[in-house]
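Results of the structural survey
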Amino acid sequence: MKFSEVFGKRLLFCDGAMGTMLQSLGLPVGKRADYWSIEQPEKVKSVHLAYLEAGCNIITANTFSAAVGGDYSTEEIAKSGVRIAKEAVAQSGKQALVAFDMTATGELLEPLGELSFEKAYEGFAKAVKAGEASGADFVLIETMTDTAEIKAAVLAVKENSSLPVVVTFTVDENGRLMTGADIVTAAALIESLGADGVGINCDFGPDKMLELAPELLEFTKLPVLINSNAGMPVVIDGVASYDVKPVSFAASAKKLVEMGCSAVGGCCGTTPDHLKAVVGLCSGMSVARPDVSGRKSFVSSRAKTVFFGDKTVLIGERINPTGKPKLKTALKENNLEYLCTEAVNQENAGADILDVNVGISEIDETSVLEAAVKKVSQVTDLPLQIDTANAAALEKALRAYVGKPLINSVNGSEASLNSVLPLVAKYGAMVVGLTLDEKGIPETAEGRIEIAKRIISRAAEYGIDKSDIIIDPLTMTISTSDVGALPTLNSLDYIKNTLGVHTVLGVSNISFGLPNREKVNSAFFTLAMQKGLSAGIVNPLNSAMMDAYYSYNALYAYDKGCLEYIANNPVNNVQSEIKPVQKATAQTADDLKTAVIKGMSEKAAEETEKLLKEKQPVEIIDGYLIPALDEVGVQFESKRLFLPQLLLAASAASAAFDVIKKQLSSQGEAQKKGRIILATVKGDIHDIGKNIVKVLLENYGYEIIDLGRDVPAEEIVKNAKESNVKLVGLSALMTTTVPNMADTIALLRKEHDCKVMVGGAVLTQEYSEQIGADLYCKDAMASVRCAEKLFEEGYLK
């Protein structure tokens, strides 16, 4: 059986939980299942054989955490796991694919955590090489929660093996990954990187998957795999159990196939009985995928997707040093916070995408562009247009960017086509095509159209569809032209409406050399939109341009009910000009609050130093920093911002606190609100959630004793007693380690008087009550609320 001949071509059945089955065979609670590929190979093989007997034709090797190593090397785990799976398939006499299975590292990538992108990439690459050498048929990257780590893993597969790759991610009840991406944005990245399949697994039973799957199926062009849990876990006799029975599980799987899924299987709690029921009910069904041939073109960031449709997309032009002396100075001084301020201003003013160009001769463009892309991405969810003529700088920036970027640009010259198009294909980007070549810019519309056709044709040779091309027919100043803007407008009209390719223009070039330029710019912008302009590179802080934009959208019925027009045109001209964020108020305090909310650490420190000249440290903490964190917390809880913004805001607040501490040191250390122990329970190597909670609690003034991950119950109790800690926070990500959490709580109850709060992806309010916890924290901010309730309202002394 070959992957390319069956995956997406006919219905396939993936196997179910390995950990659940190995625990039933004696795997100790908390012990990594993939270690048994070395220690108990026959038991692992017996599980594979049971799934093969049930009718599964995708067998996942027992290599789940191979990329992070452990008691055994990555190579040992990978080779043993794949070998056993292949032996099982051969012994069964059945036809099945063997997937090399790997998951997340359990750490947050920079800037949210300490793990670098390249370090994560190296771990995945090492595992993939071993998996391919052992004979796996494809790579299954599963249970992913961060788009940055997804990119590292997929690139590791694509650049270090010839194996196909399928990626499945896990989401919360609102359909978002831990770091904020929605289902479409995650799929957009996975598809753009050249994966062969995409899907969702874990965290939910089949009923919830039925709610989540349509959003994925209606967007992606890739085959879809759904691996559901057998419901949500409950504790029975100290063991995690699941309540969805095989018959019910199979009925839901059938509905998923009817929706268009190409493969279905199981995750936590599923057994060969579940999969046998699925195969029995669904065998013989054909795969009828939804028609997504009319899908709009798109670009994406780490957490947001922007589509190109009838309504013109606005690309903010202000992060480009051309004609901007302040920006040039900032780049020379490596002041990237200045770029962040420009990014925030443009986002607040209505930009959809941000152009990032750092091209001045006095700097190392390769390193600065990469740093700028990373920095700007921290303060905005908007997709970026990476703007450079330097191929080396472009590749570094593309590798650093998380999402599907827009590249500006390629042109019709052979040198440009040969250097840029391979990068577009490798990183799955959308690209701006400039209608110029070795001979320059054609004066006529016909000449520019011919170059556009050449770019489209050459892109197709690299597998780049015209939906990923946006042609710029080039705006020339009318001050020195006898034909005005007609060549540009006529080119735009033909490219968009005859060739069926998206268009973009740098609008303000039209008025170069003329007085009152915004009058010409706004009129030209309106004419271009009428001709079918897909995207305009504009200054969104210019009121004339934005007035033209909102008026045009209202007139052409792109603004239903004229809501955007009204919102941007207050009654009585109360706001006649769109104001930059930093000038919205003269109060320094508001600048500090904005810096914290937007995660701008350097600016937060700078503004704190200013405030300390006129206010006491406690006034800044209680009056500005805590309210800023509270606002971020409220937005996080209401799903208006997500984990990256939460952590970066905490980091900015920490930078401000560091400045304050210098002053406090001469006055005596500020009193802590309370002392809390945090630990990830025995057997669980994932401490992302615990680390997030630590950062937030410290910013709210609590002293944290961090015991780390894989911590025995006895050690937690010992530390709680020795330090007389009255609040202990426990974390677990894996269902197989939750019983260890229950054991820890039981031991704390027996030997120490304290409250226990728990959290983790596999936990629920009901589950936390079953294991004896006092408080359930559904997310990091909930842990802060719990601590505040217990300490500040007097429950703990």
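1. Details of the overall build of the chain
For the chain, the count of helices and strands is 30 helices and 25 strands. Computed over C-alpha atoms, the radius of gyration of the chain comes to 28 Å, within 12% of the 28 Å expected from 2.2 N^0.38 for 797 residues, which places it in the range of a compact globule. For the chain, the spread of C-alpha atoms along the principal axes amounts to about 85 × 75 × 50 Å. In the chain, which comprises 797 residues, the proportion classed as buried is 59%.

2. Brief notes about the packing of helix α13 (residues 336-349) against helix α14 (residues 365-379)
Axis separation between α13 and α14 bottoms out at 9 Å; the angle between their running directions is 45°. Considering the angle they form, α13 stands oblique to α14. As α13 packs across α14, the resulting crossing turns out to be right-handed. Residues Leu 336, Glu 337, Leu 339, Cys 340, Ala 343, Val 344 and Glu 347 of α13 touch α14, and the partners they reach there are Ala 371, Ala 372, Lys 375, Val 376 and Val 379.

3. Observations regarding the nonpolar core
Core analysis: the biggest nonpolar cluster contains 206 residues, and Met 102, Ile 141, Phe 169, Ile 676 and Leu 697 have the highest contact counts within it. Tallying contributions element by element places helix α25 (residues 643-664) first for this core, with 13 residues. Counting 28 residues, the second-largest nonpolar core is a separate cluster that includes Val 681, Ile 705, Ile 716 and Val 758.

4. Points about the layout of surface pockets
To find the voids left in a structure, one rolls a probe of water-molecule size over its atoms. There is about 1,200 Å³ of room inside the second largest pocket. Looking at the second largest pocket, it is lined by 41 residues, and the ones nearest its centre are Asn 320, Thr 322, Gly 506, Asn 509 and Ile 537. For the lining of the second largest pocket, the elements supplying multiple residues, two or more each, are α15 (391-400), β16 (406-411), α16 (414-427), α19 (517-531) and β20 (535-538).

5. Points about the confidence of the model for the chain
Summarising the model, the chain shows a mean pLDDT of 92, and 95% of its residues fall at 70 or more. Of the regions scoring below 50 in pLDDT, residues 574-589 engages in 23 contacts with residues more than four places distant in sequence or in other chains.

Rules behind the numbers
- Residues numbered from 1 in each chain as written.
- Predicted model: local features only at pLDDT ≥ 70, side-chain atom pairs only at ≥ 80, totals over all residues.
- Heavy atoms only, no water.
- Helix = DSSP H or I, 4+ residues; strand = E, 2+ residues; numbered from the N terminus.
- Rg over C-alpha atoms; globule rule 2.2 N^0.38 Å.
- Buried < 20%, exposed > 50% of the residue type's maximum accessible area, 1.4 Å probe, protein only.
- Axes fitted to C-alpha atoms, helices over the stretch in contact; angles between N-to-C directions.
- Parallel < 35°, antiparallel > 145°, perpendicular 65-115°, else oblique.
- Left-handed = near helix turned anticlockwise from the far one by under 90°.
- Contact = heavy atoms within 4.5 Å.
- Core = buried A, V, L, I, M, F, W, Y, C linked by side-chain atoms within 4.5 Å.
- 1 Å grid on protein atoms, 1.4 Å probe; cavity = no way out; pocket = protein on both sides within 12 Å on 5 of 7 lines; lining within 4 Å.
- Points joined across faces, edges and corners; volume = space filled by probe spheres on them.
- pLDDT = per-residue confidence, 0-100.

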